[in-house]
Amino acid sequence: MKLLKIKNSKISGKVKISGAKNAALPLIAMTILAKNEIVINNIPNVADINTMLKLLKLLGSEIEFQNNTLKINTNSINSTTATYDIVKTMRASILTLGPLLARFKECKVSLPGGCAIGLRPVDLHIKALEKMGAEILIENGYIHAKCHELVGCEIIFDKITVTGTENIIMAAVLAKGETKILNAAKEPEVVQLCEILKENGVKIEGIGTSTLSIQGQTDLIEIKPFSVIPDRIEAGTYLCAGAIANSKLTITNIIPTHIENIISKLEEMNFSFEKNKNSVTILPTDEIKPVNIVTNEHPGFPTDMQAQFMAVATQANGVSTIEERLFENRFMHVAELNRLGADIKINGKVATIYGNKQLVGADVMATDLRASSALVLAGIIASGQTTIHRVYHLFRGYENLTEKLKNIGVDILLEEE
Ligand code: EPZ
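Residues numbered from 1 in each chain as written. Predicted model: local features only at pLDDT ≥ 70, side-chain atom pairs only at ≥ 80, totals over all residues. Heavy atoms only, no water.

Draft legend 1. Molecular detail of the pattern of salt bridges. In this structure the tally under the stated criterion is 14 salt bridges. A network of salt bridges, in which partner residues are shared, links Lys21, Asp48 and Arg396. (Salt bridge = Lys/Arg side-chain N within 4 Å of Asp/Glu carboxyl O.)

Right under this line is the structure:
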């Protein structure tokens, strides 16, 4: 097992943002609906992507992944079972359920278990596929789905679900007739999935809104080469590095409209920005102001940025609050930040962060991907050395993290435990 040692550091410079993990994962699953070899560029080389590729390979796909470019052909798929040992390491494996069922009319996907950040059931994915005509049994820990054919219908999601929406979009592509999804997720990752399908001939309306209509087709799709959008959460995390260190830092290779919700919260904290077409620079401020944040579905404030803002709020001049509305257990980083000298109290869904705290290096434990990144941010400004254990969480979603941090001046070392 690996650990990260971070020393108090001055930072400056530029960070090039990688492709978005959470956009790439459904796009890789989407290749199950294709009849040709597909080339996808700007795929981040992170553990979750490699898990997804391992799964597609186990199903029988031909895969080549080099220098962030994936060549994949799913015509050789000869198994439709996503086994427990893969799904237990990555819940996003559930994204194969919709496309596998739509193409092969039967599949088995291990039911994901609980997760460090909440219960995270997949009942809404299942309910929607049942409404489209699937017969679904939960047996031996597997979702066993079968259908004669999937039939388009109206799906109203009780709750907005990102991967649930993506799964049903993909299933709808090969369903009979029109599928209408109401209360659909509008995250940029969902939008890119729809856009790629549309560019390749699938009839989709309402892209970027909460009502999507997808016309099913009988033929598999032919998909032209394309590039994954930049990772808005990685971008936001590096902006928070600039914020916590109160230093000038530029992030490049981004789509600024995807991070407006993040930038506007940093503006509330009194930071200013130089904004360009594909890059943004955060500038230092005289006084970091406290902030009140409520996580919400897009375009609201992303739950995946809450932990990083909490780290920054420890340096604000006053009391901040963060309310987590999406997941029931996403404050695991609080106890760890408090070990570094933060003063954060939790009351139900709300964390109160008392600012102006000098953080002091200590040993801390990474618990999930974004919680871990908050500990890295804290480590940059904590006096002395911060040692983060179980850092494999970080490498699930941040490409070249140590190199990127070294390049902006962070004294960081990856070591064996
Ligand atoms: C996606 O997870 C992301 N993962 C998560 O990113 C992100 O935190 C989350 O969306 C919210 O933005 C990927 O895109 C691969 P949801 P997802 O279904 O789709 C409840 C990261 O760090 N729900 O939108 O699994 C659920 O429990 C990760 O990169 C049901 O009740 O999230 C949650 O409370 C972590 N039943 C809420 O809905 C269902 O069937 C939203 O979850 C599905 C979801």
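What follows picks up the thread again.
Draft legend 2. The nonpolar core, seen in detail. Within the largest apolar cluster, 77 residues are counted, with the highest numbers of intra-cluster contacts made by Met132 and Ile169. Top element by residues in this core is helix α1 (residues 21-30). It accounts for seven residues. The residues contacting Met132, other than those within four sequence positions of it, are Glu149, Leu150, Val151, Cys153, Ile155, Ile168, Ala171, Ala172, Ala175 and Thr179. Counting residues in hydrophobic clusters, the runner-up holds 69 residues, among them Ala342, Ala351, Ile353 and Leu401. (Core = buried A, V, L, I, M, F, W, Y, C linked by side-chain atoms within 4.5 Å. Buried < 20%, exposed > 50% of the residue type's maximum accessible area, 1.4 Å probe, protein only. Helix = DSSP H or I, 4+ residues; strand = E, 2+ residues; numbered from the N terminus. Contact = heavy atoms within 4.5 Å.)

Draft legend 3. Local environment of the packing of helix α5 (residues 123-131) against helix α6 (residues 162-173). Taken N-terminus to C-terminus, the directions of α5 and α6 make an angle of 25 degrees; their axes are 9 Å apart at the nearest point. Considering the angle they form, α5 stands roughly parallel to α6. The two elements α5 and α6 meet at a crossing, and its hand is right-handed. Contacts between α5 and α6 pair His125, Ala128 and Leu129 from the former with Thr163, Gly164, Asn167, Ile168 and Ala171 from the latter. Looking at the contact of α5 with α6 residue by residue, the class counts come to four nonpolar, four polar and no charged. (Axes fitted to C-alpha atoms, helices over the stretch in contact; angles between N-to-C directions. Parallel < 35°, antiparallel > 145°, perpendicular 65-115°, else oblique. Left-handed = near helix turned anticlockwise from the far one by under 90°. Nonpolar A, V, L, I, M, F, W, Y, C, P; charged D, E, K, R; others polar.)

Draft legend 4. Representation of the site of the ligand in the model. If you check the shell around the ligand, you find 21 residues, and the closest are Leu124, Thr161, Thr163, Asp304 and Leu326. Take Asp304: an N or O atom from its side chain is 2.6 Å from an oxygen atom of the ligand. With respect to the ligand, the backbone of Leu326 contributes an N or O atom lying 2.5 Å from an oxygen atom. The protein chains hide 90% of the 830 Å² of surface that the ligand would expose on its own. Sorting the residues of the shell around the ligand by element identifies α1, α5, α6 and α12 (369-381) as the ones contributing at least two each. Of the residues in the shell around the ligand, the class split is nine nonpolar, five polar and seven charged. (Near = heavy atom within 4 Å. Polar contact = N/O pair within 3.5 Å; in protein donor to acceptor, adjacent residues only side chain to side chain. Areas by Shrake-Rupley, 256 points an atom, 1.4 Å probe, with all protein chains shown as cover.)

Draft legend 5. Spatial organisation of the sheet that holds strand β6 (residues 81-82). Pairing within the open sheet is mixed, and its four strands lie in the order β6-β7-β9-β8. Because the sheet does not close on itself, it has two edges, and the strands there are β6 and β8 (135-139). The pairing of β6 with strand β7 (residues 106-110) spans two bridges and is classified as parallel. Within β7, the position partnered with Ala82 by the bridge is Val109. Contacts from helix α4 (residues 97-104) reach β7 and β9 (142-146) within the one sheet, and its direction differs from that of β7 by about 160 degrees. (Pairing = 2+ DSSP bridges.)

Draft legend 6. Geometry of unusual backbone geometry. Residue His298 is joined to Pro299 through a cis peptide bond whose omega torsion reads 10 degrees. Tracing the backbone through its elements, the reader meets Pro299 in the loop between β18 (292-294) and α10 (306-313). The backbone phi angle of Asn42 is positive, close to 60 degrees, even though this residue is not glycine. Its location among the elements puts Asn42 in the loop between β3 (38-41) and α2 (47-59). Of the residues examined, Asn42 reaches a relative accessible area of 23% and is grouped as partly exposed. With a phi angle near 65 degrees, Asn253 is a residue other than glycine that sits in the positive phi range. As for its placement among the helices and strands, Asn253 is situated in the loop between β15 (249-252) and α9 (260-268). Accessibility expressed as a relative area gives 30% for Asn253, which makes it partly exposed.

Draft legend 7. Region of interest: α4. Burial runs high along α4: seven of the eight residues are buried. If you check which residues of α4 are buried, you get Leu97, Gly98, Pro99, Leu100, Leu101, Ala102 and Arg103. Phi turns positive one or two residues past the end of α4, at Lys105, with a value near 65 degrees.

Draft legend 8. The arrangement of the packing of aromatic side chains in detail. Under the criterion given, the structure shown has one aromatic pair. For the pair Phe301 and Phe309, a centre-to-centre distance of 5.0 Å together with 90 degrees between the ring planes defines the contact as edge-to-face. Take Phe301: its relative accessible area is 5%, and that puts it in the buried class. The class for Phe309 is buried, based on a relative accessible area of 0%. (Phe/Tyr/Trp six-rings, centres within 6.5 Å; stacked < 30°, edge-to-face > 60°.)

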